[in-house]
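Chain by chain, the residues run as shown.
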Amino acid sequence: LKVTGVKAKRSVADPTGPVRLEKPRMETADGSVAVAEAGVWSPTNQTLSLKGNVVFTRKGGERATGQSAIWTADPSILTLEGGVQVNLPTGETATAQSLSWNETTMVVSLAGAARVAFKDGEATSDQASFDQKTRILTGNGTARIVTQLGTSSADRYEYNTVSRRLRLSGKVVAKLN
């Protein structure tokens, strides 16, 4: 892990205390990078708080933005908040109020008006998660799916992005085109 900034300030009275950073940049061992307007690095807790136009990019081309974020070292999780937007190199996009990107489990969780747009349609729900290993997108709470086949609503959806199989459960209503 490498954390830098254009300017860094730390109290002389507390040499192991938090470091206030201007234009911080965090780079993880796998090449992921997070930047923002301001931040606070806590070497004791191994956390980085970011504020103002946070941009998180991964080596694979994934990109997420938000107004604030906190990164924790163990486990390696980045939580973005405030009008979160995600862009994947495969063309999918997502928006939500907050996002949690777990580098250990490879699961991305969206909360608060989650919307995922993909090539053939979109899925909306109160919460959503995407498992990068299994390639399964799951939505919970007021779920709605719109595809070229029609429109469906349910309490929960599970969409396998590889097999393109959609499973709906709880108060399912489907209208096919």
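Rules used throughout
- Residues numbered from 1 in each chain as written.
- Predicted model: local features only at pLDDT ≥ 70, side-chain atom pairs only at ≥ 80, totals over all residues.
- Heavy atoms only, no water.
- Helix = DSSP H or I, 4+ residues; strand = E, 2+ residues; numbered from the N terminus.
- Polar contact = N/O pair within 3.5 Å; in protein donor to acceptor, adjacent residues only side chain to side chain.
- Contact = heavy atoms within 4.5 Å.
- Salt bridge = Lys/Arg side-chain N within 4 Å of Asp/Glu carboxyl O.
- Buried < 20%, exposed > 50% of the residue type's maximum accessible area, 1.4 Å probe, protein only.
- Core = buried A, V, L, I, M, F, W, Y, C linked by side-chain atoms within 4.5 Å.
- Pairing = 2+ DSSP bridges.

Caption draft 1: Region of interest: the side chain of Thr28. Its place among the elements puts Thr28 in the loop between strand E4 (25–27) and strand E5 (33–35). Among the polar contacts listed, one links the side chain of Thr28 to the side chain of Asp30, at a separation of 2.5 Å. When near neighbours in sequence (up to four residues on either side) are disregarded, Thr28 contacts Leu1 and Trp71.

Caption draft 2: Just the pattern of salt bridges, in detail. Per the stated rule, a full pass over the model turns up 7 salt bridges. Across the salt bridge formed by Arg25 and Glu27, the nearest N and O atoms sit 3.6 Å from each other. Here Glu27 falls in the partly exposed class, since its relative accessible area comes to 30%. Note that Asp120 and Arg164 form a salt bridge whose closest N and O atoms lie 2.8 Å from each other.

Caption draft 3: Summary view of the nonpolar core. Counting 34 residues, the largest nonpolar core has Leu80, Leu99, Leu110 and Tyr157 as the members making the most contacts within it. Here this core gets 5 residues from one element, more than from any other, and that element is strand E11 (residues 107–118). Excluding its chain neighbours within four sequence positions, the residues that come into contact with Leu110 are Ala94, Ala96, Ser98, Leu99, Val116, Gln127 and Ala128.

Caption draft 4: Local environment of the environment of Val3. For Val3, the position within the fold is in strand E1 (residues 2–4). The partly exposed category is assigned to Val3, whose relative accessible area is 24%. Linking Val3 and Pro24, residues 21 residues apart in sequence, is a C-alpha distance of 7.0 Å. Filtering out sequence-adjacent residues up to four positions away, Val3 remains in contact with Leu21, Arg25, Met26, Trp41 and Leu48.

Caption draft 5: Up close: unusual backbone geometry. Positioned with a positive phi, Ala113 is a non-glycine residue whose angle comes to about 55°. Examined against the element boundaries, Ala113 turns out to sit in strand E11. Given the relative accessible area of 58%, Ala113 is considered exposed.

Caption draft 6: Seen up close, the side chain of Thr65. With respect to the element layout, Thr65 can be found in strand E8 (residues 63–72). The class of Thr65 is buried, set by a relative accessible area of 16%. Apart from residues no more than four positions distant in its own chain, Thr65 is found in contact with Val54, Val55, Leu80, Gly83, Val84 and Gln85.

Caption draft 7: Region of the structure containing the pairing of strand E10 (residues 93–102). Where strand E9 (residues 77–87) and E10 come together, 9 bridges link them in antiparallel fashion. Bridging from a neighbouring strand, Val84 pairs with Ala96 of E10. Counted along the chain from E9 to the antiparallel partner E10, the turn is 5 residues long, and its residue Gly91 has a positive phi close to 105°. With 8 bridges joining them, E10 and E11 adopt antiparallel strand pairing. Residue pairing for E11: Ala94 is matched across the bridge by Val116. Between E10 and E11, which pair antiparallel one after the other, the connecting turn spans 4 residues, and Met106 there sits at a positive phi close to 65°.

Caption draft 8: Here's a closer look at the pairing of E9. In this structure, E8 lies alongside E9, joined through 8 bridges in antiparallel fashion. Looking at E9, one finds that Ser68 is bridged to Glu81. The antiparallel pairing of E8 with E9 creates a hairpin that spans 4 residues between the two strands.

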